[in-house]
Amino acid sequence: MREDLEASMWLAHHHAFGQWVGSVVDTIARSFHHEEGVLLLGRRDIAGLIGPADWVAAVEAGFRAAAEGRAAAPLPMEIGGSGGAFHAKGAALQLDRHYVAPQALPFRRPGRAALQLDRHYVALKLNGNFPGNADRGLPTIQGAILLCDGETGALLAIMDSIEVTLRRTAAATALAARHLARPDSRTLLVCGCGAQGRAQLRALREVLPLAQCLAWDRDFGRAQQYGREEGAEAVADLPKGDAADVVVTCTTATEPFLGPDQVGPGTFVAAVGADSSAKNEVKPALFEAALVVADVRAQCAVMGDLRHALAAGVDPGCVHAELAELVSGAKPGRTSPEQITLFDSTGTALQDVASAAVIYERALARGGMRCIALAA
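Enquirer: How would you sum up the packing of aromatic side chains? Please name residues and give values.
Expert: Geometrically, a pair of aromatic rings is defined through the distance of the ring centres and the angle of the planes. Per the counting criterion, the structure on display carries three aromatic pairs. Ring geometry for Phe86 and Phe130: centres 5.4 Å apart, planes at 70 degrees, overall edge-to-face. Placement of the pair is Phe86 in strand S4 (residues 85–94) and Phe130 in the loop between strand S5 (120–129) and strand S6 (141–149), with a sequence separation of 44 residues. On the basis of relative accessible area, Phe86 is assigned to the partly exposed category, the value being 32%. Each ring, one from Tyr121 and one from Tyr360, has its centre 6.2 Å from the other, and the planes form 75 degrees; the classification is edge-to-face. With Tyr121 in strand S5 and Tyr360 in helix H11 (residues 349–366), this pair connects stretches of sequence that are 239 residues apart. Both residues of the pair, Tyr121 and Tyr360, belong to the buried class.

Structural data, given as structure tokens:
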């Protein structure tokens with residue numbers, strides 16, 4: 001009898017202790033709940049929450065939502081600076097079941113949905129774009145993203161924009177490559193060997209059987225460093241003809257350098273660097289020779305390489321489709337192996353809000369992220 005009583009008391013004691021521990025853990029978990037604070041996500045946080053394939057899936061979801069009328073992104077606002085400019089880009093996104101679900105994560109709190117499929121998100125990104133920062137040892141592009149609840153207006157998260165801008169831009173190229181590049185593309189030429197050039201190579205390796213990468217930069221030393229770090233072959237002069245199956249331009253050039261002479265039959269070109277009205281990488285003649293797809297036609301017409309092509313007299317009808325139309329199947333991509341295809345990428349906030357939503361949901365699922373009670 002005494003042994004039974006002692007066992008009963010021991011169990012009661014440990015049950016009470018377990019309840020106390022549970023209440024403490026629950027209190028800590030609630031302290032990080034998004035309703036009590038705004039999540040603060042740095043670049044390392046973001047890199048640990050979302051992988052290469054996830055970026056492409058998120059960006060695809062954003063463009064698909066736009067095609068289905070579940071997303072909207074007004075034209076960006078540009079604010080001049082000294083030696084650069086600030087861009088403010090915003091978009092709204094209504095999620096549905098096409099959206100990418102988060103990967104299985106350890107330490108997911110009980111009762112937390114993997115992804116809120118019917119949620120309305122709004123994101124606003126402010127980026128500073130200062131080409132001279134390379135000489136200062138600073139990022140060319142940096143800023144922050146505000147992610148909000150589209151139904152209540154509540155601020156949900158503040159996150160670094162460097163990682164998002166790099167990865168979602170490269171993901172859009174990879175997504176376009178699925179529709180516009182030859183499936184057997186093996187050689188890539190990267191023009192511009194900065195951070196975006198690295199992101200582009202890594203993203204394209206996820207969707208194409210690349211076996212060789214050529215690296216070109218106006219600063220040959222940067223091309224050599226890129227080659228050592230990324231396993232690429234640095235070239236001093238811009239190759240001509242059919243040297244590459246895929247060409248990506250991600251420079252800060254204001255004078256076009258890529259024309260029909262630098263591409264061969266069947267080449268896929270991703271023009272990424274011209275993300276402001278002053279920048280220009282692609283010659284108008286290449287627009288006339290290629291099947292052209294814009295990420296957002298109206299945006300490319302005011303701040304992409306398309307802007308300069310139109311100013312030179314190229315027919316506005318040269319734009320075959322927007323990327324959302326390819327993703328939704330409304331229009332076809334490449335129609336023959338010999339066709340030259342051109343993707344004019346200016347970077348839309350659709351990519352930002354779709355990516356930020358995945359990052360936020362995964363941060364909630366993992367738990368333990370930093371937060372701040374701005375409204376307290």
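Enquirer: Just give me the short version of the packing of helix H4 (residues 162–180) against H11, but keep the residues and values in it.
Expert: Where H4 meets H11, the axes come as close as 10 Å, and the angle between the chain directions of the two elements is 115 degrees. Here the hand of the crossing between H4 and H11 comes out right-handed. Contacts between H4 and H11 pair Val164, Arg168, Thr169 and Ala172 from the former with Gln351, Asp352, Ser355 and Ile359 from the latter. Per-class residue counts for the contact of H4 with H11 are three nonpolar, three polar and two charged.

Enquirer: Explain the pattern of salt bridges residue by residue, including any values.
Expert: Throughout the structure, instances matching the rule amount to 17 salt bridges. One salt bridge connects Arg119 with Asp149, and the closest N-O pair in it is separated by 2.8 Å. Taken together, the residues Arg119 in the loop between S4 and S5 and Asp149 in strand S6 connect sequence positions 30 residues apart. The class of Asp149 is buried, set by a relative accessible area of 11%. Residue Asp245 pairs with Arg182 through a salt bridge whose shortest N-O separation is 2.7 Å.

Enquirer: Account for a nonpolar patch on the surface, naming residues and giving values.
Expert: A cluster of nonpolar side chains, namely Met77, Ile79, Phe86 and Leu126, defines an oily patch on the protein surface of about 350 Å² accessible area. When you line up the elements, Ile79 lands in strand S3 (residues 77–80).

Thresholds, definitions, all that
Residues numbered from 1 in each chain as written. Predicted model: local features only at pLDDT ≥ 70, side-chain atom pairs only at ≥ 80, totals over all residues. Heavy atoms only, no water. Phe/Tyr/Trp six-rings, centres within 6.5 Å; stacked < 30°, edge-to-face > 60°. Helix = DSSP H or I, 4+ residues; strand = E, 2+ residues; numbered from the N terminus. Buried < 20%, exposed > 50% of the residue type's maximum accessible area, 1.4 Å probe, protein only. Axes fitted to C-alpha atoms, helices over the stretch in contact; angles between N-to-C directions. Left-handed = near helix turned anticlockwise from the far one by under 90°. Contact = heavy atoms within 4.5 Å. Nonpolar A, V, L, I, M, F, W, Y, C, P; charged D, E, K, R; others polar. Salt bridge = Lys/Arg side-chain N within 4 Å of Asp/Glu carboxyl O. Patch = residues over 30% accessible without salt bridge, like charges linked within 9 Å, V, L, I, M, F, W, Y side chains within 5 Å. Areas by Shrake-Rupley, 256 points an atom, 1.4 Å probe, with all protein chains shown as cover.

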